[in-house]
Amino acid sequence: MALFRAGEHKRMPWKNGGGETVEIAVFPADASVDNFDWRISMATVASDGAFSIFSGIDRTLSILDGNGMGLEVDGRAAVLLTRESQPLTFAADVPVEAMLVDGPITDLNVMTRRGRFSHSVERVTGRFCVSRNAPSDRVFVLATGDAFAVSAYQSFALKALDAISIDAATDVQADDIVCYVIRLTPQG
């Protein structure tokens, strides 16, 4: 397991300059917002407006904090996302408009480049076991509060917005908090 502490996440401006992104992990490690194969990040959205466009990218968005946000994807009717919502997957290369419900939100973004990687994001609470489906998969767990992760080789106490990358079956104890299990699968 590799640990990604919240206080060590990389901060950078949004691609469209409208806010700040907190990057948890990216591949390749030195990739920019224009050439990553996959990226896991968080952002605070403080006002209504357009999302950045990422050509050739699929995106999944989850609400970590705040009262929610409506997303109008490619002109379709708005979908309301809240902390209780399941993650929403959509193309990142179409117009997306965000409308805040009542104040700022913090979201989790998982993005993969089509043809190179695919991804899934699962919202989990309580105690669970997570492992890779294939040796080439990358699997991350993001905790929204205190949690404990144990594999046959290591153990980590996680605080809010810490993440781990797992390489072996890992038991996670996350009583009364939400964790997000992120799976990144190579394509081709």
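Starting afresh in each chain, residues are numbered from 1 along the sequence in its written order. The predicted nature of this model means local features are confined to residues of pLDDT at least 70 and side-chain atom pairs, given and counted, to a pLDDT of 80 or more, with totals for whole chains, interfaces and linings taken over all residues. Side-chain numbers come from the whole structure's heavy atoms, not from hydrogens or water.

A. The arrangement of the side chain of T106 in detail. Strands are runs of DSSP state E lasting at least 2 residues, helices are runs of H or I lasting at least 4, and numbering of each runs from the N terminus. Mapped onto the secondary structure, T106 falls in strand β11 (residues 105-113). Polar contact is the term for a pair of N or O atoms within 3.5 Å; when the atoms are in protein, one must be able to donate a hydrogen and the other to accept it, and sequence-neighboring residues count only if both atoms are side-chain atoms. Here T44 takes part through its side chain, which lies 3.5 Å from a polar atom of the side chain of T106. If we skip the residues at most four places from it in the chain, T106 touches A43, T44, S62, I63, L64 and D65. Throughout, a contact is declared for two residues whenever any of their heavy atoms are within 4.5 Å.

B. Layout of the packing of aromatic side chains. Aromatic rings from Phe, Tyr and Trp, with only the six-membered ring used for Trp, were paired whenever their centres fell within 6.5 Å, and each pair was classed as stacked if the ring planes differed by under 30 degrees, edge-to-face if by over 60, and tilted otherwise. Applying the stated criterion across every chain, the model contains five aromatic pairs. Both rings, one in F4 and one in F140, keep their centres 5.6 Å apart while their planes meet at 50°; by these two values the pair is tilted. On the criterion of sequence distance, the pair formed by F4 in strand β1 (residues 2-4) and F140 in strand β13 (residues 138-143) is long-range, its members being 136 residues apart. The class of F4 is partly exposed, set by a relative accessible area of 21%. Buried, partly exposed and exposed residues are distinguished by accessible area as a fraction of the type maximum, computed with a 1.4 Å probe on protein chains only: under 20%, between the cut-offs, and over 50%, respectively.

C. Expanded view of unusual backbone geometry. Cis geometry is found at the peptide bond from F27 to P28, where omega equals -5°. Note on placement: P28 falls in the loop between β3 (20-27) and β4 (38-45). Non-glycine residue D74 carries a positive phi angle of around 55°. Structurally, D74 is set in the loop between β7 (69-73) and β8 (79-81). Despite not being glycine, L161 shows a phi value in the positive range, around 70°. Note on placement: L161 falls in the loop between β15 (155-158) and β16 (163-166). Residue classification places L161 among the partly exposed positions, given a relative accessible area of 25%.

D. Here's a closer look at the pattern of salt bridges. When a carboxyl oxygen of Asp or Glu lies within 4 Å of a side-chain nitrogen of Lys or Arg, that pair is called a salt bridge. Tallied over the full model, the rule gives eight salt bridges. Measuring nitrogen to oxygen at the nearest pair gives 2.9 Å for the salt bridge that ties D58 to R114. A residue pair is termed long-range when its members are at least 10 positions apart, and D58 in strand β6 (residues 57-65) and R114 in the loop between β11 and β12 (117-130) qualify at 56 residues. For D58, a relative accessible area of 24% puts it in the partly exposed group. Of the charged contacts, one joins D93 and R114 as a salt bridge, the two residues approaching to 2.9 Å between their closest N and O atoms. Of this pair, D93 sits in the loop between β9 (88-91) and β10 (96-100) while R114 sits in the loop between β11 and β12, and the two are 21 residues apart along the sequence. Taking relative accessible area as the criterion, D93 reaches 30% and is therefore assigned partly exposed. We classify R114 as partly exposed; its relative accessible area is 35%. When salt bridges that share partners are traced, they join D58, D93 and R114 into one network.

E. Here's a closer look at the environment of W38. Residue placement: W38 occurs in strand β4. C-alpha separation for the pair W38 and S118, spaced 80 residues apart in sequence, amounts to 8.6 Å.

F. View of the sheet that holds β8. Whether two strands pair comes down to DSSP finding at least two bridges between them. Spatial strand order, β5-β10-β7-β8: four strands in an open sheet with antiparallel pairing. Bordering the open sheet on either side are β5 (49-50) and β8, each of which pairs with just one other strand. Alignment of β7 against β10, held across five bridges, turns out to be antiparallel. What sits directly across from G70, in β10, is M99.

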